Amino acid sequence: MRHIVSIKQFDKQQLAKLFAVAKRLQLSPPWAVPQPLKGRVIATLFYESSTRTRLSFESAVLRLGGGILSTDNAQEVLSSTKGESLADTIRIIGGYADAIVLRHPEAGAAERAAKVSPVPIINAGDGSGEHPTQALLDIYTMQQHKTLNNMVVGLAGDLRGSRTLHSLLLLLINYPIHLRLIAPKGFDLPPELMQQVEQRNVSWAIERALQPVLPRLDVLYINRWQSERYRGAKSKVLGPALREEDLVLLKHNAVIMNPLPRVSEVDAAVDADPRAIYFEQAKNGLYVRMALLSRLFDND
Ligand code: NCD
């Protein structure tokens, strides 16, 4: 049984294997896709809202021949409203499904679930902790446009609260890149992640404004302000934002990425620029999650 709780579980060799499968699936006509999930049931247990992650996982399961048990809005519809603990819910669903894709508002929830689950847990986002499958599709997409050697990668947004930025950072520090960490004061990476950056072979700099760094970047990865993680004043902080008029500052072959949803951090007018690859990035989530599920059940 292999839980997927943190992106730290993946090394470059595993990524290469996973991405080779994802690429094959991406190029395959739907009718020729292998069915390793035939006879399997996968539960998607989501205690936080989601469009891309839940639906791409569910589409991936269906395309691989499996069935779905779906609980969107789990906090309101499950027995947790009667006081049932996450651990008990996981034990129960683990009796009905062959794997559980879990999204939860508390950092560490996936790890807690993995400790009691009779079936693999896939972390689909645990509060401000991690979002490993997002980082996988992010790197998959990035590598289709850029080699990661000596690239200048800007991570912009709520570096403190954004789990997608956390998981992506933990992957990126395995490559010889130059990092620009762009966030307002008070919203830098958590100290334990900063420590990991300092131990690696990457150069890095903290930036407080986006526009002055734009001309240096090969990749801009920007995420919305994670307002649901804060109450009161902090929810009103405005993070870095990319406007249409900023596009002239970016290199002609740079790419603009965003895990989405996009709120106000990227103007809708940016979408038409060929450097904006965030919709392609979201679509790649399907192939990468298909590859992940295939590998999970192929080697049974
Ligand atoms: C992200 C998330 O849920 O952390 N969304 C996603 O899965 N693509 C990003 C976000 O909500 O800002």
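Residues numbered from 1 in each chain as written. Predicted model: local features only at pLDDT ≥ 70, side-chain atom pairs only at ≥ 80, totals over all residues. Heavy atoms only, no water.

(A) Representation of the overall build of the chain in the model. When its secondary structure is counted, the chain shows nine helices and nine strands. Relative to the globule expectation of 19 Å for 300 residues, the C-alpha radius of gyration of the chain, 19 Å, shows essentially globular dimensions. Seen through its principal axes, the chain has C-alpha atoms that stretch 55 × 45 × 40 Å. Considering only contacts in the chain between residues 6 or more positions apart, those separated by 24 or more positions represent 73%. On the chain, roughly 13100 Å² of surface is accessible, and the fraction owed to carbon and sulfur atoms is 52%. Taken as two groups, the 36 positive and 30 negative side-chain charges of the chain have centres that lie 3 Å from each other. (Helix = DSSP H or I, 4+ residues; strand = E, 2+ residues; numbered from the N terminus. Rg over C-alpha atoms; globule rule 2.2 N^0.38 Å. Contact = heavy atoms within 4.5 Å. Areas by Shrake-Rupley, 256 points an atom, 1.4 Å probe, with all protein chains shown as cover. Lys, Arg positive; Asp, Glu negative; His and termini not counted. Charge placed at Lys NZ, Arg CZ, Asp CG, Glu CD.)

(B) Broad picture of the sheet that holds strand β2 (residues 67-71). Read from one edge of the open sheet, four strands run β2-β1-β3-β4, paired in parallel fashion. Each edge of the sheet is formed by a strand with only one pairing partner; in this case those strands are β2 and β4 (121-126). The average angle at which neighbouring strand axes cross in this sheet is 15°, direction not considered. Pairing of strand β1 (residues 41-46) with strand β3 (residues 99-104), which is carried by five bridges, proceeds in the parallel orientation. Each bridged residue has a counterpart across the sheet, and for Thr44 the counterpart in β3 is Val101. Seen against the sheet, helix α4 (residues 86-93) touches β1, β3 and β4 and runs at an angle of roughly 155° to β3. (Pairing = 2+ DSSP bridges. Axes fitted to C-alpha atoms, helices over the stretch in contact; angles between N-to-C directions.)

(C) Looking closely at helix α8 (residues 191-198). Turning to α8, its buried residues number three or more, namely Leu193, Met194 and Val197. Each buried residue of α8 lies within a common arc of 100° when the element is viewed along its axis, so the set occupies one face. In the core, the buried residues of α8 are packed alongside α7 (163-172), β6 (178-182) and β7 (203-207). (Buried < 20%, exposed > 50% of the residue type's maximum accessible area, 1.4 Å probe, protein only. Arc of directions from axis to C-beta.)

(D) Spatial organisation of the nonpolar core. Ranked by internal contacts, the top residues of the largest apolar core, which has 66 residues, are Leu155, Leu169, Leu172, Ile177 and Leu179. Discounting chain neighbours no more than four positions away, the residues touching Ile177 are Leu148, Met151, Val153, Leu172, Val202 and Ser203. Among the nonpolar cores identified, the runner-up in size contains 19 residues, and Leu250, Ile256, Val270 and Tyr278 belong to it. (Core = buried A, V, L, I, M, F, W, Y, C linked by side-chain atoms within 4.5 Å.)

(E) Representation of the packing of aromatic side chains in the model. Going through the model one piece at a time under the given rule, you end up with four aromatic pairs. Between the aromatic rings of Tyr278 and Phe279, the centroid separation amounts to 5.3 Å while the plane-to-plane angle is 65°, which identifies the pairing as edge-to-face. Every member of this aromatic cluster is reached through a ring pair, and the members are Phe187, Trp225 and Tyr230. A cation over an aromatic ring shows up here: Lys12 above the ring of Tyr175, its NZ or CZ 4.6 Å from the ring centre. (Phe/Tyr/Trp six-rings, centres within 6.5 Å; stacked < 30°, edge-to-face > 60°. Lys NZ or Arg CZ within 6 Å of the ring centre and 35° of its normal.)

(F) Representation of the pairing of strand β8 (residues 219-222) in the model. Residue alternation in β8 divides its side chains into two sets, Val219 and Tyr221 and Leu220 and Ile222, and both sets are buried. As defined by bridge partners, β8 adjoins strand β9 (residues 255-257) across three bridges and the pair is classed as parallel. Note that in β9 the partner of Leu220 across the bridge is Ile256.

(G) Expanded view of the packing of α4 against helix α5 (residues 109-116). It is the contact of α4 with α5, at a shortest axis distance of 9 Å, that shows an interaxial angle of 50°. Between α4 and α5, the angle falls in the class oblique. Where α4 crosses over α5, the two elements pack in a sense that is right-handed. Contacts between α4 and α5 pair Leu86, Ala87, Ile90 and Arg91 from the former with Ala109, Arg112, Ala113 and Val116 from the latter. (Parallel < 35°, antiparallel > 145°, perpendicular 65-115°, else oblique. Left-handed = near helix turned anticlockwise from the far one by under 90°.)

(H) Just the site of the ligand, in detail. By nearness alone, 13 residues border the ligand, and Thr53, His131, Arg163, Arg224 and Gln226 come closest of all. Measuring from an oxygen atom of the ligand, one finds a side-chain N or O atom of Arg163 at 2.8 Å. Within the side chain of Asn223, one N or O atom sits 3.1 Å away from an oxygen atom of the ligand. In the complex, 95% of the free accessible area of the ligand, which totals 320 Å², lies under the protein chains. Within the residue set of the shell around the ligand, elements represented by two or more residues are α2 (52-63) and α7. (Near = heavy atom within 4 Å. Polar contact = N/O pair within 3.5 Å; in protein donor to acceptor, adjacent residues only side chain to side chain.)

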